[in-house]
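# Chain and residue survey
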Amino acid sequence: MNNPAAATASSWSDLLDRRHLPLLLTLCLAMWLHATNSLLTATTMPSAVDELGGLNLISWTFSLYLMGSILAGATSSILVGRHGLRATMISATLIYAAGAVVCATAANMPVVLAGRTLQGLGGGCLVGTVFIAQSRFIQPEHVPRVVAMISAVYMIATFASPMIGGAFSTWASWRYAFWAFAIQAVLLAVIIRLMMRADESTTRRSAARLPVIRLGLLAMAILMISAAGVKFHATYSPMLMISGFACIAVFVYRDAHSENDRMFPRSLADLRHRLTSGIMTILLLCLSVMSLTAYGPFILIELHGMTPFTAGLILMLESLAWGITALTFSSTPSKYEHLLIRFGSAFVLIGLVACAMVFPYGPVWLIAVSAMLSTGGFGMMWGFIIKRIQGASPKEEKDRASSLLPIAQQLGFALGAALCGLMANSLGLDAGLPADRIQTVAFWVFAGFIPLALCGNFTAWRFSR
């Protein structure tokens, strides 16, 4: 155990030494691969559709990547227990590379979707193992700094990936973008083999098998919730949404009552447990802010006359706020962690309320400030939530708790995007709507999530007690 004095005395120089740096670079590269490909299709798929057809399938290039990512992340703790950390990470990078090659050589859109699913499986497993490696090999006092570094990489990747895809599509071929990431994945596999010491991948092997039925439940939940928001139907959309949430509840219950092949900590099914409060904080607050990404650019372009490029700059500022605040507060002493979690969750809520007020009417500079307030709140508390969740987990549950962290985040984003779509489409959102109707939509796609953000603040206060 690390004593409080050591925790207080720790610094960036302690972290960026010869012992930690190879592992940190490996984890950052793994996060780069996943984060860049989550948004790469935004600027590559229009060119792919021009060549291959299949415009009606374009939204599924993101949905299937996300589904594969969540499923693989959910099983990462089992795979690490069976095959070791280093072997699992190398396998994940090669699956990711194979998916990129399938996309690069695709003859039609269904083949592209298969490649995107493989990329999601590889990328999701990589992210799960990143958090497992961080939990195993990084001292608790360094966790906020490591999470800040990973957040900064994620920020850069999400900003850069549409530009990378657009550059290849504009001046070369959209296929070359996928070839570029296939090569990067193979290089990462070599780096993992060379930089991650053999003793870091050594663990007692588990005989647990992959829980196919539970994974099927989780896949069904993601697909049904995603489908509910694509096109609003007064009967089918709510039914799909309710069925998806029911599948998630059954998944959590069955997983908590499993013995040898459990994917997540058993305490996740106990709503009174501290770990559950932390996970619910991540899920609810990530869900609440998806309107910024899902409909923010559309509203800025249609209602405020911005170009796609300038609307993209607003999203860039949103990402910058997360990364900058994560780095700024990463060295905060432990005795103030609970305050950062509480203030951070409050800023997410205040930013959401501000977005509901200013997105319909402007001015644009205040829209940017409101968006940055929400994501800045995330950066302020993110590393400390992760540190406390991992610290609250018993030793035998740490891998499961660590792999659960990115799943809660991605599932929150997936649910938020689906609920945004459901809300916007139920209000009749369309590019041809008059300005007053778009203003109504612009208000409700943010205001509609305020109750969920309030619930996220409540769980954050419980978690940080």
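## Some thoughts on the overall build of the chain
Secondary structure summary: the chain contains 20 helices and zero strands in total. Its C-alpha atoms give the chain a radius of gyration of 21 Å, near enough to 23 Å, the size a compact globule of 465 residues would have. The dimensions of the chain, computed from C-alpha atoms along their principal axes, are 60 × 50 × 45 Å. Taking all 465 residues of the chain together, the buried fraction comes to 56%. Excluding contacts between residues fewer than 6 apart, the proportion of contacts in the chain whose partners are at least 24 apart in sequence is 84%. By element, 69% of the accessible surface of the chain is carried by carbon and sulfur atoms, the whole surface being about 19100 Å². Taking the 30 positively charged and 19 negatively charged side chains of the chain as two groups, their mean positions are separated by 8 Å.

## Observations regarding helix α7 (residues 109–137)
If you check α7, its first and last C-alpha atoms are 41 Å apart, about what 29 residues at 1.5 Å a residue would give, namely 42 Å. The buried fraction of α7 amounts to 22 of the 29 residues, a majority that puts the element mostly inside the structure. Near the N-terminus of α7, the side chain that reaches the backbone nitrogen of Val 111, with its oxygen 3.1 Å away, is that of Asn 108.

## What about the pattern of salt bridges?
Scanning the entire structure with this criterion turns up four salt bridges. Among the salt bridges present, the one from Arg 388 reaches Glu 337, with a minimum N-O distance of 3.4 Å. Of this pair, Arg 388 sits in helix α17 (residues 364–391) while Glu 337 sits in helix α16 (residues 337–358), placing them 51 residues apart in sequence. The pair formed by Arg 388 and Glu 337 is uniform in burial state, with each residue classed as buried. Several salt bridges share partner residues, and in doing so they unite Glu 337, Lys 387 and Arg 388 into one network.

## Some points on the nonpolar core
Core analysis: the largest hydrophobic core is formed by 136 residues, its most contacted members being Phe 359, Phe 378 and Phe 446. Broken down by element, this core gets its largest block of residues, 15 residues, from helix α18 (residues 398–426). Contact partners of Phe 378, with chain neighbours within four places excluded, come to Leu 285, Cys 286, Val 289, Trp 322 and Val 348.

## Regarding the side chain of Lys 387
Considering the arrangement of structural elements, one finds Lys 387 in helix α17. Look at Lys 387 and you get buried, because its relative accessible area is 15%. Of the polar contacts made by the side chain of Lys 387, one reaches the side chain of Ser 334; its length is 3.4 Å. Discounting residues that sit within four places of it in the chain, Lys 387 has contacts with Pro 140, Glu 141, Val 143, Pro 144, Ser 334 and Glu 337.

## Overview of the packing of helix α10 (residues 212–228) against α18
Between α10 and α18, whose axes approach to 7 Å, the crossing angle comes to 30°. In terms of axis orientation, α10 runs roughly parallel to α18. Contacts between α10 and α18 involve Ile 222, Ile 225, Ser 226 and Ala 228 from the former and Leu 411, Leu 415, Ala 418 and Leu 422 from the latter. Its residues assigned to classes, the contact of α10 with α18 shows seven nonpolar, one polar and no charged.

## Quick word on the side chain of Arg 342
Position of Arg 342 among the secondary structure elements: in helix α16. Here Arg 342 occupies a buried position and makes no salt bridge, while the nearest side chain of opposite charge, Glu 337, is found at 11 Å. Arg 342 has contacts with Trp 461, Ser 464 and Arg 465, leaving out every residue within four places of it along the chain.

## Details of empty space enclosed by the protein
According to the stated counting rule, one finds two cavities of 30 Å³ or more in the structure shown. By volume, the largest cavity is sized at about 60 Å³. Lining of the largest cavity is provided by Pro 144, Val 147, Ala 148, Thr 325, Ala 326, Phe 329, Ser 330, Gly 379, Met 380, Trp 382, Gly 383 and Phe 384. Residues that form the lining of the largest cavity fall into these classes: eight nonpolar, four polar and no charged. Considering only enclosed or pocket space, the second largest cavity measures out at about 30 Å³ in volume.

## Here we look at the confidence of the model for the chain
Averaged over every residue, the pLDDT of the chain is 82; residues scoring 70 or more account for 90%. This stretch, residues 1–9, has a pLDDT under 50; its non-local contacts, to residues over four places away or in other chains, come to six contacts. For residues 199–203, every residue scores under 50 in pLDDT, and the model assigns this stretch ten contacts once sequence neighbours within four places are set aside.

## As for the packing of helix α6 (residues 85–104) against helix α9 (residues 174–195)
The N-to-C vectors of α6 and α9 enclose an angle of 165°; their axes lie 8 Å apart at closest approach. On the basis of the axis angle, α6 is roughly antiparallel to α9. Of the two elements, α6 crosses α9, and the hand of that crossing is left-handed. Between α6 and α9, the contacting residues are Arg 86, Met 89, Ile 90, Thr 93, Leu 94, Tyr 96, Ala 97, Ala 100, Val 101, Cys 103 and Ala 104 on the first element and Trp 174, Arg 175, Phe 178, Trp 179, Phe 181, Ala 182, Ala 185, Val 186, Leu 188, Ala 189, Ile 192 and Arg 193 on the second.

## Points about helix α5 (residues 60–83)
Residues spaced three or four apart along an α-helix face the same direction, because each turn holds 3.6 residues. The sharpest bend along α5 comes to roughly 45°, located at Ser 76. Counting buried residues along α5, 20 of its 24 residues qualify, which places the element largely inside the surrounding structure.

The rules behind these values
Here the residue numbering is sequential within each chain, running from 1 through the sequence in written order. Confidence filtering applies because this is a predicted model: local features only for residues at pLDDT of at least 70, side-chain atom pairs given and counted only at 80 or more, and all residues used for totals across whole chains, interfaces and linings. Side-chain numbers here rest on the full set of heavy atoms in the structure, without hydrogens or water. Numbering of helices and strands runs from the N terminus, with a helix taken as a DSSP run of H or I at least four residues long and a strand as a DSSP run of E at least two residues long. What the globule rule says is 2.2 Å times the number of residues to the power 0.38, and the radius of gyration is computed from C-alpha atoms. For every residue, the accessible area obtained with a 1.4 Å probe (protein chains only) is divided by the maximum for its type, and the residue is called buried under 20%, exposed over 50%, and partly exposed between those limits. What makes two residues a contact is simply this: any of their non-hydrogen atoms within 4.5 Å. Shrake-Rupley sampling with a 1.4 Å probe provides the accessible areas, and residues are treated as covered by the protein chains on show and by no other component. When charges are counted, Lys and Arg contribute as positive and Asp and Glu as negative, whereas His and the chain ends are disregarded. For the purpose of locating charges, the reference atoms are NZ of Lys, CZ of Arg, CG of Asp and CD of Glu. Multiplying 1.5 Å by the residue count of a helix minus one yields the expected span of that helix. Pairing of N or O atoms within 3.5 Å defines a polar contact, subject to two protein rules: one partner must be a possible hydrogen donor and the other a possible acceptor, and residues neighboring in sequence count only if both atoms are side-chain atoms. Salt bridges are identified by distance alone: a Lys or Arg side-chain nitrogen within 4 Å of an Asp or Glu carboxyl oxygen. We define a nonpolar core as any set of buried Ala, Val, Leu, Ile, Met, Phe, Trp, Tyr and Cys residues linked to one another through side-chain atoms lying within 4.5 Å. The axes are straight lines fitted to the C-alpha atoms, using for helices just the contacting stretch, and the angles between their N-to-C directions are given from 0 to 180°. The scheme is simple: roughly parallel for angles under 35 degrees, roughly antiparallel for over 145, roughly perpendicular for 65 to 115, oblique for anything else. Residues are grouped as follows: nonpolar covers Ala, Val, Leu, Ile, Met, Phe, Trp, Tyr, Cys and Pro; charged covers Asp, Glu, Lys and Arg; every other residue, Gly included, is treated as polar. The pocket and cavity definitions rest on a 1 Å grid over protein atoms only: a 1.4 Å probe that fits but cannot leave marks a cavity, an open set with protein on both sides within 12 Å along at least five of seven lines marks a pocket, and residues lining either have an atom within 4 Å of a point. Grid points are joined across faces, edges and corners, and a volume is the space filled by probe spheres set on the points. Known as pLDDT, the predictor's per-residue confidence is scaled from 0 to 100. The sense of a crossing depends on the near helix, which, turned anticlockwise from the far helix by less than a right angle, makes the crossing left-handed and, turned clockwise, makes it right-handed. The quantity called bend is, for any residue, the angle between two axes fitted respectively to the seven residues ending at it and the seven beginning at it.

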